[in-house]
Amino acid sequence: QVIYKTSRPPGRPFIFWSGLSELFFVTMSQFMRPPIILLKDGTDSSQGKNQIISNINACQAVVDIVKTTLGPRGMDKLIEDGGETTITNDGATVMKKLSVVHPAARILVDISKAQDNEVGDGTTSVVVLAGELLKEAKNFLEDGLVAPQIIKGYRVACQLALQKLGDIAVDLTQKADEDKRDMLIKCAETTLNSKLVADYKKFFAKMSVDSVQLLGEDVGTSMVAIKKVTGGSVTDSVLVDGVAFKKTFSYAGFEQQPKSFKNPKILLLNLELELKAEKDNAEVRITDPSQYQSIVDAEWNIIYEKLDLIVKTGANVVLSRLAIGDLATQYFADRNIFCAGRVDNEDLERTRRAVGGEVQTTVQGVTPAVLGTCGSFEEKQIGAERINFFTGCPHTKTSTILIRGGAQQFIDEAERSLNDSIMIVRRAMRNTKVVGGGGAIEMELSRFLREYARTIKGKQQLVINYYARALETIPMTLAQNSGGDGTNILNQLRKRHAEAGTENRWYGVDCMNCSVTDTFKEYIWEPVIVKQSALSAATEAACLILSIDETVKNPQSEKPMGGKGKGKGKGKKGKGKKKKTATATPQMSIS
C-alpha cells in the first residue's frame, strides 16, 4: 500500500511525496510553453565538449596516417585515385590525395598546403605537431578544463617558443660566399633526407642550389622549370642554364628545318598560321564560277602575306602559342627557319622572360625591338624525347632541370622532392638563420618552456608544460620511425638538453644509427623560417579546432539532387539523354 502526502510551500507548485519514490511535477504553464525552432527540420546539430572531442578524434585519424612518413626512415604511401597511382612520403601530397571530407580534419589539410606553399618543407611535421597538441588538449577537456583556457595557454607558449627560436638560431650572414653556399647545400640535403631520392641527396642538393643561384635573389621559383623524361638513370638528370621544353606537335616538313642556331633572333607569337575550315552554316553566294577561285586565292594570299612578313623580320626561330600548320612549316623549312606551334603557356612565358622578346598577336608592323635572342638554340634527343634548348640568355636568368629515371612514379616523386628542395634553398638565401634538425630544436624549446612553466602559477602552468611535452613528439616519432627505442632516445636527449649550454643545445636524433648526435656538427641544418612557420601554423590550427563547439549538418545537402538534362531530343520517354546528378557539399561546420 502506498500512502501519498501532499505539501505546498508558499509560492511553490504542488509536490507529491511517496513512500516508494519522489516525484516532481512541473506546473502546467511549463507544458504550455511552445518550442523555438531555429533550424530546418531534420538538421543534425551537436555541440559542447563532446563535439570538440569528436573533432579531435577525427584529426587524430588523419595524423596517424601521415605520422609514419616523418624522417629519413619514414615509410611511403601508395595512393590510388581514379586509376592513377601515387607513391610518396611528402606530407602535403598525402594530405591532398586523401580527399578528407570531415570539416574539422580538413583544417590539417589546409595548414599542410600552406606550409608547402610558404616554405616547401615541414609539411608532415606541422600536421604531427598539431595532432599532438590536440591530443594533449583532449586530456584537459576530459578532466574538466575549458577550451578557452587551453587556447590561451597554447598561444602564450607559441609566442615564447618563437621568441626563443629567434634568439638561438645561428646567423650565417657574415660568412663568406663559399660558406653560404655550403650552408644552402646542407639545408637542401636535410630536406632530401626524408625523400625517395635520399640516396642521391648530394647530387640533387647541388643541382637545387645551382638552379636557384642562377636566378638571383629577386626572381621567383617559377623561373625554375622541372621537366620529366622517362628512361635512363637518375644521375643522367641535368641542369640547363636557360629554357628547355619538349618538342611540340609538328607537321610534315619539320625534319627539313635547321635544328641549331648561334645567336638566333626569336619571334614569339600568339597567332594561328594555318588555313582555317569554314564555320558551320557559312554560306558564300557567287554568280560566276570564276568567283569561287578568287575566294580560294584570297585565303591563300592572307596566310602567305603573314608568312612573308615573318620572314622579313629576320627571325631564325618562330614560336607560337597556337598551331602552325603544314603549309607554314614547309614554308619556313625552305627558308632555313625553325618553328614550333602549340607551345605551352608556361614555357612560352619563361622563354619570353629569358630571351627578352615580346609576344605578338599580329605580324603587321613587327620591329626588331620585339625580337628576342639567346646565346644558342639547339634541339637534342634526350631519351625518347626531342628537347628544345635555349641557353646563354642574356636578359633574364632562368634554369630548367631535366629529371631522368625509370618508373614514372619515381620521376613524379623526384619532381616533388626537388620542388621542396628548391623552395628551401630560396628561403634560406633570403633568411640565412639556421637551426639544428633531427628534433634538436624541438627538444631545446621543450626544455625552455618547462623551465618557464615552473615560474608561473595556476592552470596556465599545466597547459604550457603539456605544450612543451607535445613538442617532443617530433624526436619521438623520428626515433620510432627509424626502428629505435623512442623512450630511451628521448631520455638521452632530455639529459643532454638539461645540462644546458650551447654545446648540448643541438643534440637530436641520429636516425641512421638509432642514437643521439650533435646535429649541427653533422650538418643537419634547417632554415629557421621552416620551424617558425610550422609552430605558428600548428598552434593556430589546434586553437581553431578547439574553438569549434558546435557542428551543424543539413542531411538534405548530402543527398544527390537530380538535374535537368541538356538533351535537345523530343523522342519517346526513356530514350532521351540521361539526366546528370549533382552532389552538394557533404557537410559544413560553424564555429
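Residues numbered from 1 in each chain as written. Predicted model: local features only at pLDDT ≥ 70, side-chain atom pairs only at ≥ 80, totals over all residues. Heavy atoms only, no water.

Side note on the overall build of the protein chain
Broken down by element type, the protein chain carries 17 helices and 26 strands. For the protein chain, the exposed surface amounts to about 31100 Å²; the carbon and sulfur share of it is 50%. (Helix = DSSP H or I, 4+ residues; strand = E, 2+ residues; numbered from the N terminus. Areas by Shrake-Rupley, 256 points an atom, 1.4 Å probe, with all protein chains shown as cover.)

Section: the sheet that holds strand E10 (residues 242–246)
The sheet built from four strands is open, its strands ordered E10-E18-E17-E11 with antiparallel pairing. Sheet topology places E10 and strand E11 (260–262) at the edges, where each strand pairs with a single neighbour. Averaged over neighbouring strand pairs, the angle between their axes works out to 25° when direction is ignored. Taken together, the three bridges between E11 and strand E17 (residues 376–382) define a ladder with antiparallel strand orientation. Opposite lysine 262, over in E17, you have serine 376 as the bridge partner. (Pairing = 2+ DSSP bridges. Axes fitted to C-alpha atoms, helices over the stretch in contact; angles between N-to-C directions.)

Some thoughts on unusual backbone geometry
Here asparagine 336, not a glycine, exhibits a phi torsion of approximately 55°, which is positive. Here asparagine 336 shows up in the loop between helix H10 (326–334) and strand E14 (338–340). Its identity as a non-glycine residue notwithstanding, cysteine 514 has a phi of 55°, on the positive side. Turning to its location among the elements, cysteine 514 is positioned in the loop between strand E21 (507–510) and strand E22 (515–518).

Topic: the pattern of salt bridges
Under the criterion given, the structure shown has 22 salt bridges. Across the pair aspartate 420 and lysine 195 runs a salt bridge whose closest N-O atoms are separated by 3.0 Å. With aspartate 420 in helix H12 (residues 408–430) and lysine 195 in the loop between helix H7 (177–192) and helix H8 (201–215), this residue pair connects regions lying 225 residues apart in the sequence. Pair check on accessibility: aspartate 420 and lysine 195 agree, each one buried. Here arginine 353 ties to glutamate 349 by a salt bridge, and the two come within 3.2 Å at their closest N and O atoms. Of this pair, arginine 353 and glutamate 349 both sit in helix H11 (residues 345–355), four residues apart, roughly one helical turn. Looking at glutamate 349, the relative accessible area reads 27%, which means it is partly exposed. (Salt bridge = Lys/Arg side-chain N within 4 Å of Asp/Glu carboxyl O. Buried < 20%, exposed > 50% of the residue type's maximum accessible area, 1.4 Å probe, protein only.)

Remarks on the layout of surface pockets
Its volume calculated, the largest pocket comes out at about 690 Å³. As for the largest pocket, its lining consists of 38 residues, of which Pro72, Thr190, Asn193, Gly438 and Ile524 are closest to the centre. Residue assignment for the lining of the largest pocket shows that the elements contributing at least two residues are helix H5 (123–142), H7, helix H15 (473–481), E21 and helix H17 (528–546). Lys96, Asp116, Arg416, Asn419 and Asp420 are, among the 17 residues lining the second largest pocket, the residues nearest its centre. Counting only elements with at least two residues in the lining of the second largest pocket, the list comes to helix H3 (91–98), helix H4 (106–118), strand E8 (224–230) and H12. It is H12 that provides the largest number of residues to the lining of the second largest pocket, a total of five residues. Residues of the lining of the second largest pocket, tallied by class, amount to four nonpolar, five polar and eight charged. (1 Å grid on protein atoms, 1.4 Å probe; cavity = no way out; pocket = protein on both sides within 12 Å on 5 of 7 lines; lining within 4 Å. Points joined across faces, edges and corners; volume = space filled by probe spheres on them. Nonpolar A, V, L, I, M, F, W, Y, C, P; charged D, E, K, R; others polar.)

Here's the deal with a nonpolar patch on the surface
Among the surface-exposed residues, Val284, Ile286, Tyr292 and Ile295 lie close enough to one another that they form a single nonpolar patch of about 370 Å² accessible area. Structurally, tyrosine 292 is set in helix H9 (residues 289–312). Judged by relative accessible area, tyrosine 292 falls into the exposed class, the value being 51%. (Patch = residues over 30% accessible without salt bridge, like charges linked within 9 Å, V, L, I, M, F, W, Y side chains within 5 Å.)

Side note on H10
Among the residues of H10, Leu327, Ala328, Thr329, Tyr331, Phe332 and Ala333 are the ones counted as buried. As for H10, its buried residues are in contact with H9 and E14. Note on H10: the residue one or two positions beyond its end, asparagine 336, has a positive phi of about 55°. (Contact = heavy atoms within 4.5 Å.)

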